[in-house]
Amino acid sequence: MYLTKEEEKTLRGEDGETLRKMIEILVALGDIYGADALIPIKSAQVSGVSYKTIGDAGLEWISDLKGKVRVPTVLNPAGMDMNNWERLGIDPKFAAKQIEIIKAFGSLGIEPKCTCTPYYLNGFDVQYKDHLAWGESSAISFSNSVLGARTNREGGPSALAAALIGKTPDYGYHKVENRTPSFEIIVDFETAGSDYGALGYVAGKMVGSKIPLFKMKSVPTKDEMKMLGAAMAASGAVALYHIDGVTPEIKDKEFVYEKPAESITIDQKDISAVYETSNDSTMKPDIVTIGCPHCSKAELEMLAALLEGKTVVKEFWIFTSREVAEQNKAIVDKIEKSGAKVVCDTCMVVSPAANSYSCMMVNSGKAYAYVPSMCGLKATYGTAERCVKEATGEI
Ligand SMILES: C[C@@](O)(CCOP(=O)(O)O)CC(=O)O
Ligand code: SF4
């Protein structure tokens, strides 16, 4: 891989040990995947933040680094609400470790914004064709597909390396020729709301890491596309998808592609099967959660309306970023009047808070895929309306 004189100097260790280690990671990836150079990135999003997922080894690795990030950088959710961790019963020992992790990132110049929806943050805007180095799979899918930006599926270390160097190797999804759809999916029935999470859950299992091109009857909102992409990245490994007539790249006349060789049709019954778990009497939820990925303002508004005048009878946790919660205090207050809890900086998957429950109802295909393996609870799938009814004891 070609390196500039400046990059070679960094690789020789003349800019310090941390930057040497970081550029070494980028050069190794570039060499493996055939990149010809490093290219500048606009922003980075670093995954591997929760003490639950990275443990002491991760904390030690981050603490050993020195330097400052060269591009705006935010973090994936931590293992707890950083301002109010007692509320969900987090062990103080866990909390102390989590605080250390966020401090270690902070000393590298990373703001303590812990969210899987960085695209909602002010000053963290993403434009069509921007090059990024993001680590959270749902955010990667959203930026590549819905925003038409370009990022590979970075791991925690490679996203952090890109943030500290300000560059990433130019391979994979950074190259337009690797963004061509390779699998057509026809959805010829109306879809809305949590149908997109269920659709993503089903589609992800079929396409693996290919690039699907959807032909859909309905036109999804951005929030619905967020749910679709998050689920496909969890049940499969989809980092980029297109929707005919909807997503920006496929509408771009300069984007040249051929009709995918493989095509499948997803039926309404495939989607209904995902919802069916909620009718199983052995799957009675003792906790309900929403916000995987983190809720947008519109989703908080929808929940506030659904909860109006109601009181929850079981734990109901709603996850969002601190910034979205702080900008929408009145909506958060309305939600919390019901007894539901709006929780920031974390989520049902990366926090240990839900581990003692036995069955969780979610409206997210991604959470549905991950809660059993990452939290050890059973998971059941419902619409947002059904989640509210479950939490308020109406069913
Ligand atoms: C499950 C996930 O959303 C969150 C946990 O990952 P991590 O702790 O940020 O590495 C990661 C992902 O899907 O990229
Ligand atoms: S809410 Fe979902 S998408 Fe966001 S970090 Fe948690 S598991 Fe990942």
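Just so you know, these numbers come straight off a predicted model, no measurement behind them.

Let's shift gears to the site of ligand 1. Near ligand 1 you find Ser47, Gly48, Thr53, Asn76, Gly135, Glu136, Ser137, Val350, Lys366 and Tyr370, and these make up its full shell. Between an oxygen atom of ligand 1 and a side-chain N or O atom of Thr53, the distance comes to 2.6 Å. Interatomic distance of 2.7 Å between a side-chain N/O atom of Lys366 and an oxygen atom of ligand 1. Taken by itself ligand 1 offers 370 Å² of open surface, and the protein chains cover 81% of this. Class assignment for the residues of the shell around ligand 1 results in two nonpolar, six polar and two charged. Each of domain 1 (5–176) and domain 3 (280–391) accounts for three or more of the residues forming the shell around ligand 1.

Turning our attention to the domain arrangement of the chain. Domains assigned within the chain are domain 1 (5–176), domain 2 (180–274) and domain 3 (280–391). Each of domain 1 and domain 3 has a C-alpha centre, and the two are 27 Å apart. Each partner contributes to the roughly 2100 Å² buried at the junction of domain 1 and domain 3, and carbon and sulfur atoms together form 54% of this total. Contact with domain 3 buries area across many residues of domain 1, yet Lys52, Arg87 and Leu88 alone supply 31% of it, more than any other trio.

Next up on the list: the sheet that holds strand β9 (residues 262–265). Read across the open sheet, the four strands follow the order β8-β7-β6-β9; overall the sheet is parallel. Edge positions in the sheet fall to β8 (242–243) and β9, since each of these pairs with one other strand and no more. Across five bridges, the pairing between strand β6 (residues 183–187) and strand β7 (residues 212–216) is parallel. Within the sheet, the bridge partner assigned to Ile186 lies in β7 and is Lys215.

Here the focus is the site of ligand 2. Close to ligand 2 lie Pro77, Cys116, Glu136, Ser138, Gly291, Cys292, Pro293, Cys347, Val349 and Lys366, which account for all nearby residues. Looking at the shell around ligand 2, the element that brings in the most residues is strand β10 (residues 287–295), giving three residues. For the shell around ligand 2, a count of residues per class yields six nonpolar, two polar and two charged. Residues from two domains meet in the shell around ligand 2; each of domain 1 (5–176) and domain 3 (280–391) gives at least three.

Let's shift gears to the UniProt feature "domain: Phosphomevalonate dehydratase large subunit-like" (unreviewed entry) in the chain. Look at the UniProt record and you will see "domain: Phosphomevalonate dehydratase large subunit-like" (unreviewed entry) annotated at residues 1–389. Secondary structure within residues 1–389 divides into 39% helix and 15% strand; the distance between the first and last C-alpha atoms comes to 56 Å.

A word on the nonpolar core. Core analysis: the biggest nonpolar cluster contains 103 residues, and Phe105, Leu199, Phe214, Leu228, Tyr241, Met348 and Val371 have the highest contact counts within it. Ignoring anything within four residues of it in the chain, the contact list for Tyr241 reads Ser141, Ser145, Val146, Ile211, Pro212, Phe214, Met225, Leu228, Gly229, Met232 and Thr247. Core analysis: the second largest hydrophobic core is formed by 23 residues, Ile290, Leu307, Val342 and Val388 among them.

Attention shifts here to helix α14 (residues 365–375). Along α14, the residues classified as buried are Gly365, Lys366, Ala367, Tyr368, Val371 and Cys375. Two or three places before Lys366, at the start of α14, stands the capping residue Ser364, its side-chain oxygen 3.2 Å from that residue's backbone nitrogen. Where α14 ends, the next residue or the one after it, Gly376, has phi of about 75 degrees, a positive value.

Further remarks concern the sheet that holds strand β4 (residues 132–134). The strands that make up a sheet pair up through hydrogen bonds in the backbone, lying either parallel or antiparallel. Pairing is parallel across the open sheet formed by three strands, whose spatial order is β3-β2-β4. Edge positions in the sheet fall to β3 (73–75) and β4, since each of these pairs with one other strand and no more. If you compare each strand with its neighbour and ignore which way they point, the axes differ by 15 degrees on average. Taken together, the three bridges between strand β2 (residues 43–46) and β3 define a ladder with parallel strand orientation. Across the sheet, the residue bridging to Gln45 is Val74, located in β3. On the sheet, helix α6 (residues 156–165) packs against β2, β3 and β4 and is oriented at approximately 150 degrees with respect to β2.

A few words on the side chain of Thr392. The residue Thr392 is located in the segment after α15 (384–391) in this model. We classify Thr392 as buried; its relative accessible area is 11%. Residues in contact with Thr392, not counting those within four places in the same chain, are Leu307, Lys310, Thr311, Val312 and Val313.

Now for the pairing of strand β14 (residues 378–381). Judged from the four bridges that link them, strand β13 (residues 359–362) and β14 form a sheet pairing that is parallel. Of the residues in β14, the one forming a bridge with Met361 is Thr380. Once the chain exits β13 it traverses α14 before rejoining the sheet at β14, and the crossover so formed is right-handed.

This next bit is on helix α4 (residues 92–106). Spanning 15 residues, α4 covers 21 Å between terminal C-alpha atoms, matching the ideal 21 Å at 1.5 Å per step. Turning to α4, its buried residues are Phe94, Ala95, Gln98, Ile101, Ile102, Ala104 and Phe105. Where the residues of α4 are buried, they touch β2, α3 (51–63), β3 and α6. Regarding α4, its N-cap is Asp91, as a side-chain oxygen of that residue lies 2.9 Å from the backbone nitrogen of Lys93 further along.

Further remarks concern the environment of Leu19. Of note, Leu19 is situated in helix α2 (residues 17–33). Among residues more than four places away in sequence, those in contact with Leu19 are Thr10, Arg70, Leu164 and Ile165.

Take the packing of α2 against α6 next. Close contact between α2 and α6 brings their axes to 9 Å; oriented N to C, the two are set at 120 degrees. In terms of orientation, α2 lies oblique with respect to α6. For the element pair α2 and α6, the recorded crossing hand is left-handed. Across the interface between the two elements, Thr18, Leu19, Met22, Ile23, Ile25, Leu26 and Leu29 of α2 pack against Pro157, Ser158, Leu160, Ala161, Ala162, Leu164 and Ile165 of α6. Within the contact of α2 with α6, the residues separate by chemical class into twelve nonpolar, two polar and no charged.

About the cut-offs
- Residues numbered from 1 in each chain as written.
- Chains lettered and ligands numbered in written order.
- Predicted model: local features only at pLDDT ≥ 70, side-chain atom pairs only at ≥ 80, totals over all residues.
- Heavy atoms only, no water.
- Near = heavy atom within 4 Å.
- Polar contact = N/O pair within 3.5 Å; in protein donor to acceptor, adjacent residues only side chain to side chain.
- Areas by Shrake-Rupley, 256 points an atom, 1.4 Å probe, with all protein chains shown as cover.
- Nonpolar A, V, L, I, M, F, W, Y, C, P; charged D, E, K, R; others polar.
- Domains from an automatic or database assignment.
- Buried area = accessible area lost by both parts, 1.4 Å probe.
- Pairing = 2+ DSSP bridges.
- Helix = DSSP H or I, 4+ residues; strand = E, 2+ residues; numbered from the N terminus.
- UniProt positions renumbered as here; feature names shortened; annotations may be inferred.
- Core = buried A, V, L, I, M, F, W, Y, C linked by side-chain atoms within 4.5 Å.
- Buried < 20%, exposed > 50% of the residue type's maximum accessible area, 1.4 Å probe, protein only.
- Contact = heavy atoms within 4.5 Å.
- Axes fitted to C-alpha atoms, helices over the stretch in contact; angles between N-to-C directions.
- Right-handed = clockwise from strand over helix to strand, strands pointing away.
- Expected span 1.5 Å × (residues − 1).
- Parallel < 35°, antiparallel > 145°, perpendicular 65-115°, else oblique.
- Left-handed = near helix turned anticlockwise from the far one by under 90°.

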